[in-house]
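The primary structure of each chain is shown beneath.
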Amino acid sequence: MTTSSVSSGVPRDSARTVLITGSRAPVSLALARLLGDAGHRIIMADSLRMTLGSASRYVSRHYRYPPPRREPEPFHAAVERIVIDEQVDCIIPTCEEVFYLAQRQRTWPDRCELFAPPWEMLRQLHHKGEFIELVRQVGLKTPATRLLASREEASDYVRKLGADTAVLKPAYSRFASRVLFVSADHDLPAGMHISPAHPWVGQQYIRGALYCTYSIVRDGAVRAHACYASEFTAGVGASIAFKHEPQTDLLAWVRRFVAPLRYTGQIAFDFIVTPERDIYPIECNPRATSGIHCFTASDRLDKAFFGMNDSAGHGTDNGTSDCTDDGANHGANLGANRGESRPIEPTSARPAMLTAAMLAYGWKHPRRIYWLTQLWKGRDVIFRWKDPKPLVAQVVMLQGFWRESRRRSISLMEATTSDIEWNGE
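This section reports on the structure supplied with the text. (Residues numbered from 1 in each chain as written. Predicted model: local features only at pLDDT ≥ 70, side-chain atom pairs only at ≥ 80, totals over all residues. Heavy atoms only, no water.)

## Let's talk about the overall build of the protein chain
- A count of helices and strands for the protein chain gives 13 helices and 16 strands.
- When burial is assessed residue by residue, the protein chain has 55% of its 425 residues classed as buried.
- For the protein chain, restricting intrachain contacts to residue pairs at least 6 apart in sequence, the fraction spanning at least 24 positions comes to 68%.
- Per element, the accessible surface of the protein chain, about 18,600 Å² overall, is 52% carbon and sulfur. (Helix = DSSP H or I, 4+ residues; strand = E, 2+ residues; numbered from the N terminus. Buried < 20%, exposed > 50% of the residue type's maximum accessible area, 1.4 Å probe, protein only. Contact = heavy atoms within 4.5 Å. Areas by Shrake-Rupley, 256 points an atom, 1.4 Å probe, with all protein chains shown as cover.)

## So, the sheet that holds strand E16 (residues 379–380)
- Taken together, the 3 strands give an open sheet; going across it, the order is E12-E15-E16, and neighbouring strands pair in mixed fashion. The sheet is open, and its two borders are formed by strand E12 (241–242) and E16, each paired with just one other strand.
- Bridge count for strand E15 (residues 352–353) against E16 is 2 bridges, and the pairing is parallel. Within the sheet, the bridge partner assigned to alanine 352 lies in E16 and is arginine 379. (Pairing = 2+ DSSP bridges.)

## Focus: the packing of aromatic side chains
- Within this structure, the stated rule accounts for 16 aromatic pairs.
- Taking the centre distance of 5.4 Å and the plane angle of 85 degrees together, the rings of tyrosine 228 and phenylalanine 242 count as edge-to-face. Linking tyrosine 228 in strand E11 (residues 221–229) with phenylalanine 242 in strand E12, this pair joins segments that are 14 residues apart in sequence.
- The exposure class of tyrosine 228 is buried, given its relative accessible area of 5%.
- A residue is classified by how much of its surface remains accessible, and phenylalanine 242, at 1% relative accessible area, is buried.
- Where tryptophan 253 meets phenylalanine 269, the ring centres are 5.2 Å apart and the plane angle is 70 degrees; that geometry is what we call edge-to-face. With tryptophan 253 in helix H7 (residues 248–261) and phenylalanine 269 in strand E13 (residues 265–273), the pair connects residues that are 16 residues apart, well separated along the chain. When sorted by exposure, tryptophan 253 lands in the same class as phenylalanine 269, which is buried.
- Directly above the aromatic system of tyrosine 58 lies the positively charged group of arginine 57, at a separation of 5.7 Å from the ring centroid. (Phe/Tyr/Trp six-rings, centres within 6.5 Å; stacked < 30°, edge-to-face > 60°. Lys NZ or Arg CZ within 6 Å of the ring centre and 35° of its normal.)

## Digging into a nonpolar patch on the surface
- On the surface, Met50, Val392 and Val396 cluster together to form a nonpolar patch covering roughly 240 Å² of accessible area.
- Within the secondary structure layout, valine 396 lies in helix H12 (residues 389–408). (Patch = residues over 30% accessible without salt bridge, like charges linked within 9 Å, V, L, I, M, F, W, Y side chains within 5 Å. Salt bridge = Lys/Arg side-chain N within 4 Å of Asp/Glu carboxyl O.)

## What to know about the pattern of salt bridges
- Under the counting rule described, the total for this entry stands at 25 salt bridges.
- Between arginine 24 and aspartate 419 there is a salt bridge, and its shortest N-O distance comes to 2.9 Å. With arginine 24 in the loop between strand E1 (17–21) and helix H1 (26–37) and aspartate 419 in the segment after helix H13 (412–415), this residue pair connects regions lying 395 residues apart in the sequence.
- Of the residues examined, arginine 24 reaches a relative accessible area of 5% and is grouped as buried.
- Residue arginine 300 pairs with aspartate 302 through a salt bridge whose shortest N-O separation is 2.8 Å.
- Here the residues in one salt-bridge network are Arg70, Glu404, Arg407 and Arg408, joined through shared partners.

## Re the sheet that holds strand E4 (residues 90–93)
- One open sheet accounts for 5 strands, arranged E3-E2-E1-E4-E5; its pairing is parallel. The sheet is open, and its two edges are formed by strand E3 (61–64) and strand E5 (113–114), each paired on a single side.
- Looking at chain direction, E1 and E4 are connected through 4 bridges and run parallel. Within E4, the position partnered with leucine 19 by the bridge is isoleucine 91.

## Describing the environment of phenylalanine 269
- Residue phenylalanine 269 is classed as buried on the basis of its relative accessible area of 0%.
- Along the primary structure phenylalanine 269 and proline 281 are separated by 12 residues, whereas in three dimensions their C-alpha atoms are 7.0 Å apart.

## What to know about the side chain of aspartate 299
- Locating aspartate 299 in the fold gives a position in the loop between strand E14 (279–285) and helix H8 (302–305).
- Arginine 379 provides the closest opposite charge to the buried, unpaired aspartate 299, separated from it by 6.8 Å.
- Sequence-distant contacts of aspartate 299, that is, excluding residues within four places in its chain, are made with Cys294, Ile344, Glu345, Pro346 and Thr347. (Lys, Arg positive; Asp, Glu negative; His and termini not counted.)

Laid out in structure tokens, this is it:
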């Protein structure tokens, strides 16, 4: 057990006891530091013994629960016991354990909030085909997308592409680890398993800039928002550097989407934005993502989680017009209702990054000088002088993932989530 030593950003009688699950993830460490710096008491938990969170000085106590994917009932029992014993006010999931927690959303004590949407909404948003259908229902533009339930359907889809290019990916997946870019002459990999129980989607390939957003939403209102360009990635997958770039039309898009859902929870989107500023959503992650790294302690992100920035102090966003129903994608037609509180946005100009990944992958960037400049300016999301132990824990944790990947003949990235991920079961 470690004892936190944090600033008193909120009055003592307003401080919450927060359970952050998925303490292996860098985003969970960032969240613990942000909420801890604001004066809240932080409890963390994971199915791993050694994690980033377990080593942090911001964490009052760390628990180990059974892996939710393999032992869902013991997992639920363990989390319920933590909630009762620690008198938890709010559970904030950060990884795909959110799907298992949401299945028991109504079983927590009345005083404890699970900061997540209902399970059925989570399922739809996580499914890459059903998410696109939800976007269509809201009246927003989408890439042409087709659900594929067999290899035959996938082969037929690819064969009919003609001169076009498309993207194939599992309906339930993460990190873009199994994405395929295909054209009409493309042969499907021999080991590509597609079935009604494990569907894939085929999606129109759209040229443009890739942006990622991360938002904290309560009752359909965006309370905090970050947006960053996906400039540096680990392969074709996850971003490894994060610098907030305000994009008013993307914020308006997020507002338009979450409002009719009355969404509550963390939510993130990947977008392709064309040179004409047409916005195409590619996928949704209804959980914490790396956009949280854009925030710093002075941004007081806890106010967004706990509904403290509903009115005064953040102004109103009067620069956009009301929503329309014509499906247009430009900022002028995507604005939220006048008078909606302006969300908390990152104020730091320094890029945040996974420094080890930037060293391993970033040098491949075509603008090498730009990479070196960003590397020099950046702040590491793991290491802090006043909280150094998570850096050591990261090495121990990665060694464990490497052994798991060798034992099961899976990639290192897949090993990091194999015991917590949810694939439509």
